[in-house]
Amino acid sequence: MDFSLWPAASRTWQEILEGAEYAERTGWHGVWIADHFLQNGDDLSIPVNEALALLAGLATRTERVRIGSMVLGNTYRHPAVVANWAATVDQLSGGRFVLGVGAGWQVNEHEVYGIDLPPVKELLARFEEACQVFRGLLTEDRFSLDGKYYQLTGAPLEPKPVKLPLLIGASGEKVALRIVARYADEWNHWGVPEVARHKGEVFRAHCEKIGRDPSTVRRLTQAMIQVIDAGDTEAEARRDSLVAAGRPAIIGTAAYVLDTIAQYPDAGIDELLIPDSFLGSGNQRFDALERLREEVFLKL
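What comes next concerns the included structure. Position numbers for residues count from 1 along each chain, tracking the sequence in the order it is written. Only residues with pLDDT of at least 70 are given local features in this predicted model, and only at 80 or more are side-chain atom pairs given and counted; all residues enter the totals for whole chains, interfaces and linings. Hydrogens are left out, water is left out, and the side-chain values use all remaining heavy atoms of the structure.

On to a nonpolar patch on the surface. Residues form patches when they are more than 30% accessible in relative terms and have no salt bridge. Like charges link within 9 Å. Nonpolar side chains (Val, Leu, Ile, Met, Phe, Trp, Tyr) link within 5 Å. All accessible-area figures derive from a Shrake-Rupley calculation using a 1.4 Å probe, and residue coverage is judged against the displayed protein chains alone. The term salt bridge refers to a side-chain nitrogen of Lys or Arg lying within 4 Å of a carboxyl oxygen of Asp or Glu. Residues Leu 44, Val 112 and Tyr 113 make up a contiguous nonpolar surface patch of roughly 290 Å² in combined accessible area. Strands here are runs of E lasting at least two residues and helices are runs of H or I lasting at least four, both read from the DSSP assignment and numbered beginning at the N terminus. Structurally, Tyr 113 can be placed in helix 4 (residues 107–113). Whether a residue is buried, partly exposed or exposed follows from its accessible area with a 1.4 Å probe, protein chains only, as a fraction of its type maximum: under 20%, in between, or over 50%, in that order. A relative accessible area of 49% means that Tyr 113 is categorised as partly exposed.

Think of each axis as a best-fit line through the C-alpha atoms, taken over the contacting stretch in the case of a helix, with angles from 0 to 180 degrees between the N-to-C directions. Close contact between helix 6 (residues 176–183) and helix 7 (residues 193–210) brings their axes to 9 Å; oriented N to C, the two are set at 55 degrees. Classified by the angle their axes make, helix 6 and helix 7 are oblique. As for the relative orientation of helix 6 and helix 7, their crossing is right-handed in sense. Of the residues in helix 7, those touching helix 6 at Leu 177, Arg 178, Val 180, Ala 181 and Arg 182 are Lys 199, Val 202, Phe 203, His 206, Cys 207 and Ile 210. A per-class count over the contact of helix 6 with helix 7 returns seven nonpolar, one polar and three charged. When describing relative orientation, an angle under 35 degrees is termed roughly parallel and one over 145 degrees roughly antiparallel, while 65 to 115 degrees is termed roughly perpendicular and anything else oblique. Note on convention: near helix rotated counterclockwise from far helix by under a right angle means a left-handed crossing. Clockwise means right-handed. Throughout, a residue-residue contact means that at least one pair of heavy atoms, one from each residue, lies within 4.5 Å. Amino acids outside the nonpolar list (Ala, Val, Leu, Ile, Met, Phe, Trp, Tyr, Cys, Pro) and the charged list (Asp, Glu, Lys, Arg) are all regarded as polar, and Gly is one of them.

What follows deals with the layout of surface pockets. As defined here, a cavity is a set of points on a 1 Å grid over the protein atoms alone where a 1.4 Å probe fits but cannot get out. A pocket is an open set with protein on both sides within 12 Å along at least five of seven lines, and residues line them when an atom is within 4 Å of a point. Grid points are joined across faces, edges and corners, and a volume is the space filled by probe spheres set on the points. Empty space within the largest pocket amounts to approximately 1400 Å³. Forming the boundary of the largest pocket are 46 residues, of which Trp 6, His 36, Trp 105, Gln 106 and Trp 190 lie nearest the centre. The biggest single contributor to the lining of the largest pocket is helix 5 (residues 120–139), with four residues. Its residues assigned to classes, the lining of the largest pocket shows 25 nonpolar, 17 polar and four charged. In this structure, the second largest pocket spans a volume of roughly 220 Å³. Around the second largest pocket, the lining comprises 14 residues; the ones closest to its centre are Gln 226, Ile 228, Asp 232, Arg 238 and Gln 284. Elements represented by at least two residues in the lining of the second largest pocket include exactly strand 11 (224–227), helix 8 (233–244) and helix 10 (283–295). Of the residues contributing to the lining of the second largest pocket, the split by class is six nonpolar, three polar and five charged.

Set out below in C-alpha coordinates:
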(Lines give C-alpha, C1' and ligand atoms only; values in the text may rest on other atoms or scores of the structure.)
Protein backbone atom coordinates (compact mmCIF):
# COMPACT_ATOMS: atom_id res chain seq x y z
CA MET A 1 0.00 0.00 0.00
CA ASP A 2 1.23 3.48 -0.90
CA PHE A 3 1.07 6.53 1.39
CA SER A 4 0.37 10.06 0.22
CA LEU A 5 0.13 13.49 1.80
CA TRP A 6 -2.94 15.73 1.66
CA PRO A 7 -1.85 19.30 2.57
CA ALA A 8 -4.72 21.57 3.58
CA ALA A 9 -5.49 24.24 0.98
CA SER A 10 -6.01 26.66 3.88
CA ARG A 11 -2.25 26.64 4.48
CA THR A 12 -0.08 29.25 2.79
CA TRP A 13 1.48 28.40 -0.56
CA GLN A 14 4.88 28.20 1.11
CA GLU A 15 3.57 25.72 3.71
CA ILE A 16 1.92 23.60 1.00
CA LEU A 17 5.10 23.60 -1.06
CA GLU A 18 7.19 22.67 1.97
CA GLY A 19 4.82 19.76 2.61
CA ALA A 20 5.15 18.57 -0.97
CA GLU A 21 8.93 18.87 -0.84
CA TYR A 22 8.98 16.90 2.40
CA ALA A 23 6.81 14.17 0.82
CA GLU A 24 9.07 13.99 -2.22
CA ARG A 25 12.24 13.90 -0.15
CA THR A 26 11.08 11.19 2.27
CA GLY A 27 9.48 8.71 -0.13
CA TRP A 28 5.76 9.44 -0.01
CA HIS A 29 3.84 8.33 -3.09
CA GLY A 30 1.75 11.41 -3.89
CA VAL A 31 0.44 14.85 -2.92
CA TRP A 32 -3.26 15.67 -3.18
CA ILE A 33 -5.15 18.97 -3.03
CA ALA A 34 -8.83 19.47 -2.21
CA ASP A 35 -11.06 21.71 -4.33
CA HIS A 36 -12.85 24.16 -2.06
CA PHE A 37 -13.13 27.93 -1.79
CA LEU A 38 -14.35 28.09 1.81
CA GLN A 39 -14.17 26.10 5.01
CA ASN A 40 -17.23 23.89 5.50
CA GLY A 41 -18.73 25.78 8.42
CA ASP A 42 -19.91 29.14 9.67
CA ASP A 43 -16.48 30.82 9.80
CA LEU A 44 -15.91 32.18 6.29
CA SER A 45 -12.86 34.21 7.31
CA ILE A 46 -10.39 31.31 7.07
CA PRO A 47 -8.27 31.70 3.91
CA VAL A 48 -8.49 28.88 1.35
CA ASN A 49 -6.27 28.74 -1.75
CA GLU A 50 -7.77 27.80 -5.11
CA ALA A 51 -7.03 24.20 -6.10
CA LEU A 52 -6.24 24.54 -9.81
CA ALA A 53 -3.53 27.12 -9.19
CA LEU A 54 -2.02 25.05 -6.37
CA LEU A 55 -1.93 21.90 -8.49
CA ALA A 56 -0.27 23.65 -11.42
CA GLY A 57 2.28 25.12 -9.05
CA LEU A 58 3.06 21.76 -7.43
CA ALA A 59 3.34 20.10 -10.84
CA THR A 60 6.26 22.40 -11.69
CA ARG A 61 7.92 22.34 -8.28
CA THR A 62 8.10 18.55 -7.77
CA GLU A 63 9.75 15.81 -9.80
CA ARG A 64 8.73 12.39 -8.46
CA VAL A 65 5.45 12.31 -6.51
CA ARG A 66 2.06 11.92 -8.14
CA ILE A 67 0.00 15.11 -8.05
CA GLY A 68 -3.77 14.83 -7.83
CA SER A 69 -7.01 16.72 -7.22
CA MET A 70 -9.07 15.35 -4.33
CA VAL A 71 -11.54 16.11 -5.89
CA LEU A 72 -12.68 18.83 -8.34
CA GLY A 73 -16.34 19.68 -7.79
CA ASN A 74 -18.24 19.30 -11.06
CA THR A 75 -20.60 22.19 -10.27
CA TYR A 76 -17.76 24.73 -10.27
CA ARG A 77 -16.47 24.40 -13.85
CA HIS A 78 -17.55 23.07 -17.24
CA PRO A 79 -16.02 19.58 -17.70
CA ALA A 80 -14.55 20.51 -21.10
CA VAL A 81 -12.63 23.35 -19.45
CA VAL A 82 -11.43 20.98 -16.71
CA ALA A 83 -10.30 18.39 -19.27
CA ASN A 84 -8.21 20.97 -21.14
CA TRP A 85 -6.71 22.24 -17.90
CA ALA A 86 -5.91 18.70 -16.73
CA ALA A 87 -4.14 17.78 -19.97
CA THR A 88 -1.94 20.87 -19.63
CA VAL A 89 -1.13 20.25 -15.96
CA ASP A 90 -0.23 16.68 -16.88
CA GLN A 91 2.37 18.14 -19.25
CA LEU A 92 3.68 20.43 -16.53
CA SER A 93 4.09 17.43 -14.23
CA GLY A 94 5.74 15.19 -16.80
CA GLY A 95 2.86 12.72 -16.74
CA ARG A 96 2.38 12.53 -12.94
CA PHE A 97 -1.07 14.09 -12.70
CA VAL A 98 -4.28 12.33 -11.61
CA LEU A 99 -7.58 14.02 -12.47
CA GLY A 100 -9.78 13.52 -9.42
CA VAL A 101 -13.39 14.62 -9.84
CA GLY A 102 -16.63 14.49 -7.87
CA ALA A 103 -20.22 15.61 -8.17
CA GLY A 104 -19.89 18.60 -5.80
CA TRP A 105 -21.57 19.01 -2.44
CA GLN A 106 -20.46 21.85 -0.14
CA VAL A 107 -23.53 24.01 0.38
CA ASN A 108 -22.01 27.26 1.67
CA GLU A 109 -19.73 27.67 -1.36
CA HIS A 110 -22.67 27.45 -3.72
CA GLU A 111 -24.74 29.81 -1.62
CA VAL A 112 -22.25 32.66 -1.24
CA TYR A 113 -21.00 32.52 -4.84
CA GLY A 114 -24.40 31.98 -6.42
CA ILE A 115 -23.40 28.66 -7.97
CA ASP A 116 -26.30 26.31 -8.66
CA LEU A 117 -26.36 23.17 -6.51
CA PRO A 118 -29.08 20.98 -8.00
CA PRO A 119 -30.99 18.24 -6.17
CA VAL A 120 -29.02 15.02 -5.72
CA LYS A 121 -30.65 13.16 -8.62
CA GLU A 122 -29.78 15.92 -11.10
CA LEU A 123 -26.38 16.49 -9.48
CA LEU A 124 -25.40 12.87 -10.16
CA ALA A 125 -26.90 12.87 -13.65
CA ARG A 126 -24.84 15.95 -14.51
CA PHE A 127 -21.76 14.32 -13.07
CA GLU A 128 -22.22 11.16 -15.10
CA GLU A 129 -22.41 13.22 -18.28
CA ALA A 130 -19.31 15.11 -17.15
CA CYS A 131 -17.45 11.80 -16.83
CA GLN A 132 -18.37 11.06 -20.45
CA VAL A 133 -16.90 14.44 -21.41
CA PHE A 134 -13.66 13.74 -19.53
CA ARG A 135 -13.30 10.33 -21.10
CA GLY A 136 -14.18 11.49 -24.59
CA LEU A 137 -12.00 14.59 -24.75
CA LEU A 138 -8.97 12.96 -23.16
CA THR A 139 -8.99 9.86 -25.39
CA GLU A 140 -10.76 10.61 -28.70
CA ASP A 141 -9.56 12.77 -31.61
CA ARG A 142 -12.90 14.57 -31.73
CA PHE A 143 -15.70 14.12 -29.24
CA SER A 144 -19.40 14.86 -29.53
CA LEU A 145 -22.08 14.55 -26.89
CA ASP A 146 -25.74 15.51 -27.15
CA GLY A 147 -26.53 15.26 -23.47
CA LYS A 148 -29.20 16.77 -21.31
CA TYR A 149 -26.68 18.97 -19.51
CA TYR A 150 -23.63 19.12 -21.79
CA GLN A 151 -23.44 19.41 -25.57
CA LEU A 152 -20.16 19.10 -27.48
CA THR A 153 -19.82 18.97 -31.26
CA GLY A 154 -16.67 17.54 -32.82
CA ALA A 155 -14.66 18.94 -29.90
CA PRO A 156 -10.87 18.48 -29.97
CA LEU A 157 -8.43 18.45 -27.09
CA GLU A 158 -4.78 18.72 -28.05
CA PRO A 159 -2.22 17.86 -27.02
CA LYS A 160 -3.48 14.67 -25.43
CA PRO A 161 -1.93 13.37 -22.22
CA VAL A 162 0.04 10.16 -22.59
CA LYS A 163 -1.92 8.62 -19.74
CA LEU A 164 -4.09 10.61 -17.36
CA PRO A 165 -6.00 8.51 -14.81
CA LEU A 166 -9.54 9.57 -13.98
CA LEU A 167 -10.22 9.29 -10.26
CA ILE A 168 -13.76 9.62 -8.93
CA GLY A 169 -14.44 10.55 -5.33
CA ALA A 170 -17.73 8.93 -4.30
CA SER A 171 -19.36 6.93 -1.54
CA GLY A 172 -23.07 6.81 -2.43
CA GLU A 173 -23.87 3.15 -2.86
CA LYS A 174 -26.82 3.18 -5.28
CA VAL A 175 -25.83 5.62 -8.00
CA ALA A 176 -22.38 7.10 -7.32
CA LEU A 177 -20.58 3.76 -7.11
CA ARG A 178 -22.28 2.68 -10.32
CA ILE A 179 -20.72 5.73 -12.00
CA VAL A 180 -17.35 4.79 -10.50
CA ALA A 181 -17.64 1.26 -11.85
CA ARG A 182 -18.36 2.51 -15.36
CA TYR A 183 -15.91 5.40 -15.72
CA ALA A 184 -13.15 5.46 -13.10
CA ASP A 185 -9.54 4.35 -13.25
CA GLU A 186 -9.23 5.16 -9.55
CA TRP A 187 -11.74 5.58 -6.73
CA ASN A 188 -11.57 7.48 -3.44
CA HIS A 189 -13.77 7.63 -0.37
CA TRP A 190 -13.28 8.42 3.32
CA GLY A 191 -13.23 5.58 5.82
CA VAL A 192 -11.62 3.30 8.36
CA PRO A 193 -10.86 -0.28 7.24
CA GLU A 194 -14.28 -1.73 8.02
CA VAL A 195 -15.95 1.01 5.97
CA ALA A 196 -13.55 0.37 3.10
CA ARG A 197 -14.35 -3.32 3.23
CA HIS A 198 -18.10 -2.69 3.05
CA LYS A 199 -17.79 -0.13 0.24
CA GLY A 200 -15.65 -2.59 -1.68
CA GLU A 201 -18.35 -5.24 -1.52
CA VAL A 202 -20.97 -2.82 -2.85
CA PHE A 203 -18.61 -1.68 -5.58
CA ARG A 204 -17.87 -5.26 -6.59
CA ALA A 205 -21.58 -5.86 -7.17
CA HIS A 206 -21.79 -2.80 -9.44
CA CYS A 207 -18.78 -4.04 -11.42
CA GLU A 208 -20.32 -7.49 -11.83
CA LYS A 209 -23.42 -5.97 -13.40
CA ILE A 210 -21.38 -4.40 -16.22
CA GLY A 211 -18.77 -7.14 -16.53
CA ARG A 212 -15.85 -5.16 -15.14
CA ASP A 213 -13.09 -6.59 -12.98
CA PRO A 214 -13.10 -4.44 -9.79
CA SER A 215 -9.37 -5.03 -9.37
CA THR A 216 -8.77 -2.81 -12.42
CA VAL A 217 -9.79 0.22 -10.33
CA ARG A 218 -7.14 1.59 -7.98
CA ARG A 219 -8.65 2.35 -4.58
CA LEU A 220 -7.71 5.24 -2.28
CA THR A 221 -9.03 6.30 1.10
CA GLN A 222 -8.18 8.62 3.95
CA ALA A 223 -8.81 9.22 7.62
CA MET A 224 -7.45 11.53 10.29
CA ILE A 225 -4.35 9.59 11.31
CA GLN A 226 -1.78 10.39 14.00
CA VAL A 227 0.54 8.58 16.36
CA ILE A 228 0.32 9.91 19.92
CA ASP A 229 1.67 8.87 23.30
CA ALA A 230 -0.55 6.95 25.67
CA GLY A 231 -2.09 9.37 28.12
CA ASP A 232 -1.84 12.41 25.82
CA THR A 233 -5.17 13.80 26.98
CA GLU A 234 -5.13 16.76 24.60
CA ALA A 235 -4.66 14.53 21.55
CA GLU A 236 -7.22 12.04 22.85
CA ALA A 237 -9.75 14.85 23.26
CA ARG A 238 -9.06 15.96 19.67
CA ARG A 239 -9.63 12.40 18.50
CA ASP A 240 -12.90 12.13 20.43
CA SER A 241 -14.06 15.43 18.93
CA LEU A 242 -13.34 14.22 15.40
CA VAL A 243 -15.18 10.95 15.97
CA ALA A 244 -18.15 12.78 17.50
CA ALA A 245 -18.30 14.94 14.36
CA GLY A 246 -18.47 11.81 12.22
CA ARG A 247 -14.90 12.03 10.91
CA PRO A 248 -12.98 8.77 10.52
CA ALA A 249 -10.03 8.98 12.90
CA ILE A 250 -7.18 6.57 13.62
CA ILE A 251 -5.35 8.33 16.44
CA GLY A 252 -3.52 6.44 19.14
CA THR A 253 -0.29 4.72 20.03
CA ALA A 254 2.04 3.51 17.30
CA ALA A 255 0.96 -0.09 17.93
CA TYR A 256 -2.71 0.81 17.58
CA VAL A 257 -2.22 2.88 14.42
CA LEU A 258 0.02 0.21 12.89
CA ASP A 259 -2.48 -2.56 13.62
CA THR A 260 -5.39 -0.56 12.21
CA ILE A 261 -3.67 0.65 9.04
CA ALA A 262 -2.41 -2.87 8.36
CA GLN A 263 -6.05 -3.86 7.77
CA TYR A 264 -6.50 -1.55 4.77
CA PRO A 265 -4.88 -3.75 2.09
CA ASP A 266 -7.19 -6.68 2.91
CA ALA A 267 -10.08 -4.21 2.54
CA GLY A 268 -8.90 -3.49 -1.00
CA ILE A 269 -7.10 -0.18 -0.45
CA ASP A 270 -4.05 0.59 -2.61
CA GLU A 271 -3.22 4.09 -1.38
CA LEU A 272 -3.80 5.82 1.95
CA LEU A 273 -3.95 9.61 2.13
CA ILE A 274 -2.93 11.51 5.25
CA PRO A 275 -4.65 14.90 5.73
CA ASP A 276 -2.44 17.35 7.58
CA SER A 277 -5.15 19.87 8.45
CA PHE A 278 -5.25 18.90 12.14
CA LEU A 279 -1.52 18.32 12.68
CA GLY A 280 -0.57 21.87 13.56
CA SER A 281 1.95 24.11 11.79
CA GLY A 282 5.68 24.48 11.42
CA ASN A 283 7.81 21.76 12.97
CA GLN A 284 4.80 20.34 14.82
CA ARG A 285 3.27 19.21 11.53
CA PHE A 286 6.47 17.66 10.22
CA ASP A 287 7.21 15.99 13.56
CA ALA A 288 3.78 14.33 13.44
CA LEU A 289 4.23 13.22 9.81
CA GLU A 290 7.72 11.92 10.43
CA ARG A 291 6.63 10.00 13.50
CA LEU A 292 3.88 8.39 11.48
CA ARG A 293 6.30 7.52 8.68
CA GLU A 294 8.98 6.06 10.95
CA GLU A 295 6.82 4.28 13.52
CA VAL A 296 4.11 2.98 11.17
CA PHE A 297 4.73 3.20 7.41
CA LEU A 298 8.25 1.82 7.46
CA LYS A 299 7.11 -1.16 9.56
CA LEU A 300 4.34 -2.32 7.28
